[in-house]
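# Examination of the molecular architecture
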Amino acid sequence: MYRLLSLFAFLFGFAMNTSAQIKVFDYKVGWKGKWLEMSTMSNAERTESCTILIGQDSILAWYFPGAQMAKPITAGWSKVKGETMAGGFIRNGEVYFFLENEEQTSLRAMRFNPTTKLTDEHNISFDWKKEKLIDKISNNNRLLYFTFNRKQSVFKVYDFNSDSSYNEIVFKPTSDVWESMKFGRTNETKFVNTDFDPG
């Protein structure tokens, strides 16, 4: 049986109060199943936002062009089984978001231009099974994955700032830093390869 989902703008932070009345964005979706995932992102200046809703077999995006309540621009895609949201951002008026798969072997990168209504997608090979995922964040026009490889004693940052590639930044602590950290003797952070510029 299909469910009708009412999505309200106050969930996304887009309610506009007009003399004791609240103007609300309402969108009805007929989807099967009970599983949903929702994510909201904005550009660096926080003047645009996009809400992504992921169902069992479909993905919907609502792009809001400004702080004022305006009719959103909608786009949709099909979802691959087992995909979940990794993160995303808005840059130069385009929405970028990334979906990770259960096998942890790649990310599906989606790009949506609300002005032209054009969408694009790429599959980025990205195998992090042998590394421990510490965290991932979306900020300042990029998606960052932080991982640690215990066998190689290497800390890595994967920097996704486009829909087709990523940069890999490797930090390998020197042996004296490892020893100091083991015994809690210092808070120093001496790393090899400090070319990373978070922007």
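Please read all numbers here as calculations on a predicted model, not as lab measurements.

Below, the discussion takes up the sheet that holds strand E11 (residues 106-113). In space, the 4 strands of this open sheet follow the order E9-E10-E11-E12, with antiparallel pairing throughout. Each edge of the sheet is formed by a strand with only one pairing partner; in this case those strands are strand E9 (84-91) and strand E12 (118-125). Averaged over all pairs of adjacent strands, the angle between strand axes in this sheet comes to 20°, irrespective of strand direction. Two strands pair when backbone bridges link them, and E11 and E12 are joined in this way by 8 bridges, in the antiparallel orientation. In the strand pairing of E12, Met110 is matched with Glu121.

A few words now on the side chain of Thr147. If you trace the backbone, Thr147 turns up in strand E14 (residues 143-149). Taking the relative accessible area as the measure of exposure, Thr147 reaches 0% and is therefore buried. A distance of 2.5 Å separates the side chain of Thr147 from the side chain of Glu131, its partner in a polar contact. In contact with Thr147, other than residues within four places in its own chain, are Glu131, Lys132, Leu133, Ile134, Val154, Phe155, Lys156 and Tyr158.

The buried fraction of strand E6 (residues 49-54) amounts to 6 of the 6 residues, a majority that puts the element mostly inside the structure. Side chains Ser49, Thr51 and Leu53 of E6 all project onto a buried face; the interleaved residues Cys50, Ile52 and Ile54 project onto the opposite face, where all are buried too. As judged from the 6 bridges shared by strand E5 (residues 37-42) and E6, these two strands associate in the antiparallel manner. Looking at the pairing, Glu37 lines up with Ile54 of E6. Two successive antiparallel strands, E5 and E6, enclose a turn made up of 6 residues, where Arg46 displays a positive phi of approximately 60°. In the sheet, E6 pairs with strand E7 (residues 58-64) via 6 bridges, with the strands oriented antiparallel. Following the sheet pairing, Ser49 is matched in E7 by Phe64. Adjacent in sequence and paired antiparallel, E6 and E7 are bridged by 3 residues.

The next subject is the sheet that holds E6. Reading across from one edge, E5-E6-E7-E8 is the order of the 4 strands in this open sheet, with antiparallel pairing throughout. The strands lining the two open edges of the sheet, one partner per strand, are E5 and strand E8 (73-78). For this sheet, the mean angle separating the axes of adjacent strands, direction not counted, is 15°.

About the cut-offs
Residues numbered from 1 in each chain as written. Predicted model: local features only at pLDDT ≥ 70, side-chain atom pairs only at ≥ 80, totals over all residues. Heavy atoms only, no water. Pairing = 2+ DSSP bridges. Helix = DSSP H or I, 4+ residues; strand = E, 2+ residues; numbered from the N terminus. Axes fitted to C-alpha atoms, helices over the stretch in contact; angles between N-to-C directions. Buried < 20%, exposed > 50% of the residue type's maximum accessible area, 1.4 Å probe, protein only. Polar contact = N/O pair within 3.5 Å; in protein donor to acceptor, adjacent residues only side chain to side chain. Contact = heavy atoms within 4.5 Å.

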